[in-house]
Amino acid sequence: MFEVTVFSGMKPALASHLLERGQAEIAVNCLLESGELRPLGGLLKVDSIQGAAGTVYRYLDKWLSWPSRVILRDGPIAGDQKKRVYGTDSEGAFLFCNSDEFEKSGLKSRCSLGVPSPNSVPVVTVSGTGVEDKDIVSRVYVYTLVSDLGEEGPPSVPSAVVDVQEGQIVNVSGLSSVAEGFRTISLIRIYRTVAGTEKSEFHFVKELEDGTVSFADSAPDSDTAEVMVSRYWEPAPQKLQGLTSLPGCMFAGFKGNEVFLSEPGYPHAWPDSYGMSVPHEIVAMESTGNTLVILTRANVHTITVDDPSLSVPNRLDGYLPCTSAAGVVASPFGVIFPSLNGLYLVQSGNAPQNLTAGIFTEKDWRELKPDSFNAVWHAGQYICFHEPGAGFVFDPSSKLLTKLGFHCTALTVEPEGRLLHVAYPAGTQTVINRWDGSDFSLRSEWLSGEMRTSEPVNMEAAIVSADYANAPDDIFLKQPLELSCVGSDMAGSVCFGGDSNSFYRAQRKGEVRFRLIADGQQVFEGRVRTDSPFILPDGYLAKRFQMGIVSDIPISKVDIDPAMGDLL
């Protein structure tokens, strides 16, 4: 009488009896894209690190971790032999590369992003005798610091003006290469103004080794053609947050209600003139194409970044505060973020769209605690973990929603989104796992919506069609317990009746269990081993029915009927 051949996800906003055939009241650890009920692939342990981790990151075949949330972005420069990685943490922006030293699962030292201006003013004096009848010119000197990665910083405070005649030497002293908290300084560059130029630009004179404290300049003006490009550059602002990649080898970040942009092609340089502000405190930023999406505690703003010197924020309509920076993801459709009443999509030039409208009520959404969201975009889905120890998977295209029966504290997607790794605490360690990496599946649970008959009936028989041939009976996983445990419960284990101690039943491979609920009461629960129909209990009459499945193998059909003969 009631048959489900196409399994779908959850829609909490609807009452159980209003769900369409195949929609679920409960769907946990389920893959439903094919229409079958398939279990989510198991987690495969790849490593473990000591202590708690809010962020994990794979770098040069080594797992790095941080106790809190850190945003990490691959270097934007193509063919970078140094494999630079940029990030923001509670202290601001930083970077590391393949020549840095690592210890355990972290960096040996933290280097702030950028190169500072020198902390001393160059002192200039003139020596020697000038050539008669040659013009006397006025010069000003500055110098810059260059990091071990070839990154040049802003100039020093200018020297005093000095008058020079051809034949004379200018002695530049008082040079200092101290840059505490930043990368090691490897070079010092000397610049000076040149007579006859229309503007007071600084032209390159000489490059010196780190540690040089003085320099004698006798170069003619003809040897100083290169103009300083870093005159208005600055290191990344202190306490910069929300590092975001943009086209053109650029980064963006924020502090309070201020937005900052880096110099195109020079991610270490952040000119003050590129800064701008929005009316409210910024929570997070992400990009879609060349559009920077700014999410605040009140409104959404966008900035089209073609020329950073001309970029202006544009406020979008609606009061849509972002509830969690860790819940913001970039997708091929646009930027997705959690707000007060649902999951929103921001696309360039369009008003934000509530992707979960009609799926969650505002009350349902609040119960998920959207201020605790920690999410990634992977394989066309929004994968999210939240408090208290739960999660969900949402596909914006199909609107399929399923729950996750376990909790993770850190997520990271490998380049191009091909591999997802998740981490969870296990005692004093954090275990890092590859998503869908195990040969064994997690245990899925699916419960149908309420299906009603016009008259009371007794369902006599049921059938569950599954891939029994490829499910060896009573085979137990031969994995260490830590691979599948989160706290005291197994990741993905689902047991009827809340029996969290059914450890071996949860581990058995190929077990399919069926339950029948009639008028709100469970009338049957048992194991199914074949595609053949099986008898259900008698002695009751009901008008409201729900079918439930727990399985770690694919299910193609579930059917109940008041007459066994109709299923044969």
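Residues numbered from 1 in each chain as written. Predicted model: local features only at pLDDT ≥ 70, side-chain atom pairs only at ≥ 80, totals over all residues. Heavy atoms only, no water.

Turning next to the overall build of the protein chain. The number of helices and strands found in the protein chain is 2 helices and 52 strands. Rg of the C-alpha trace for the protein chain: 32 Å, well past the compact-globule value of 24 Å for 568 residues, more than 25% over. Relative to its 568 residues, the protein chain shows a buried fraction of 52%. Contacts spanning at least 24 positions in sequence make up 61% of the contacts within the protein chain whose residues lie at least 6 apart. In the form shown here, the protein chain has an accessible surface area of approximately 25,100 Å², with 48% of it arising from carbon and sulfur atoms. Seen as two clouds, the 46 positive and the 70 negative side-chain charges of the protein chain have centres 5 Å apart. (Helix = DSSP H or I, 4+ residues; strand = E, 2+ residues; numbered from the N terminus. Rg over C-alpha atoms; globule rule 2.2 N^0.38 Å. Buried < 20%, exposed > 50% of the residue type's maximum accessible area, 1.4 Å probe, protein only. Contact = heavy atoms within 4.5 Å. Areas by Shrake-Rupley, 256 points an atom, 1.4 Å probe, with all protein chains shown as cover. Lys, Arg positive; Asp, Glu negative; His and termini not counted. Charge placed at Lys NZ, Arg CZ, Asp CG, Glu CD.)

Quick look at the packing of aromatic side chains now. Tallied over the full model, the rule gives 22 aromatic pairs. Between Tyr191 and Phe204, the ring centres sit 5.8 Å apart and the planes meet at 70°, which makes this aromatic pair edge-to-face. One end of the pair, Tyr191, is in strand E19 (residues 185-193); the other, Phe204, is in strand E20 (residues 202-209), with 13 residues separating them in the sequence. A connected cluster of aromatic rings, assembled from ring pairs, spans Tyr59, Trp66, Phe94, Phe96 and Phe102. (Phe/Tyr/Trp six-rings, centres within 6.5 Å; stacked < 30°, edge-to-face > 60°.)

Buried together is how nonpolar side chains tend to be arranged in soluble globular proteins. Among the nonpolar cores identified, the biggest contains 52 residues, and Tyr382, Val464, Phe514, Leu516, Phe545 and Ile560 are the most heavily contacted of them. Judged by nonpolar contacts, the second largest core, of 17 residues, contains Val164, Val170, Ile185 and Ile190. (Core = buried A, V, L, I, M, F, W, Y, C linked by side-chain atoms within 4.5 Å.)

One open sheet accounts for 4 strands, arranged E30-E31-E32-E33; its pairing is antiparallel. Sheet topology places strand E30 (329-331) and strand E33 (353-354) at the edges, where each strand pairs with a single neighbour. With 3 bridges connecting them, E30 and strand E31 (residues 334-338) associate as antiparallel partners. Bridged to Val329 within E31 is Ile336. (Pairing = 2+ DSSP bridges.)

So, about the sheet that holds strand E22 (residues 241-246). Neighbouring strands of a sheet are bound in pairs by backbone hydrogen bonds; such pairs are parallel or else antiparallel. In space, the 4 strands of this open sheet follow the order E22-E23-E24-E25, with antiparallel pairing throughout. Edge positions in the sheet fall to E22 and strand E25 (276-277), since each has one partner strand and no second. Looking at chain direction, E22 and strand E23 (residues 250-255) are connected through 4 bridges and run antiparallel. Within E23, the position partnered with Gln241 by the bridge is Phe254.

Here we come to the state of the cysteines. Linking two cysteines covalently via their sulfur atoms produces the bond known as a disulfide. If you walk through the whole model with that rule in mind, you get 0 disulfides. Free of any disulfide, Cys111 has its nearest cysteine sulfur in Cys97, 8.4 Å distant. On the basis of relative accessible area, Cys111 is assigned to the buried category, the value being 12%. Left unpaired, Cys249 is separated from the closest cysteine sulfur, that of Cys97, by 17 Å. (Disulfide = S-S within 2.5 Å.)

Any two side chains of opposite charge can pair if their charged atoms end up close together. Enumeration over the complete set of coordinates arrives at 29 salt bridges. As a salt-bridge pair, Asp221 and Arg139 come within 3.9 Å of each other at their nearest N and O atoms. Taken as a pair, Asp221 in the loop between strand E21 (214-217) and E22 and Arg139 in strand E15 (residues 136-139) lie far apart in primary sequence, 82 residues in all. Assessed through its relative accessible area of 29%, Asp221 is described here as partly exposed. The shortest N-O distance in the salt bridge between Arg544 and Glu450 comes to 2.9 Å. With Arg544 in strand E51 (residues 542-551) and Glu450 in the loop between strand E41 (444-448) and strand E42 (451-457), this pair connects stretches of sequence that are 94 residues apart. On the basis of relative accessible area, Arg544 is assigned to the partly exposed category, the value being 29%. Here Glu450 falls in the buried class, since its relative accessible area comes to 13%. (Salt bridge = Lys/Arg side-chain N within 4 Å of Asp/Glu carboxyl O.)

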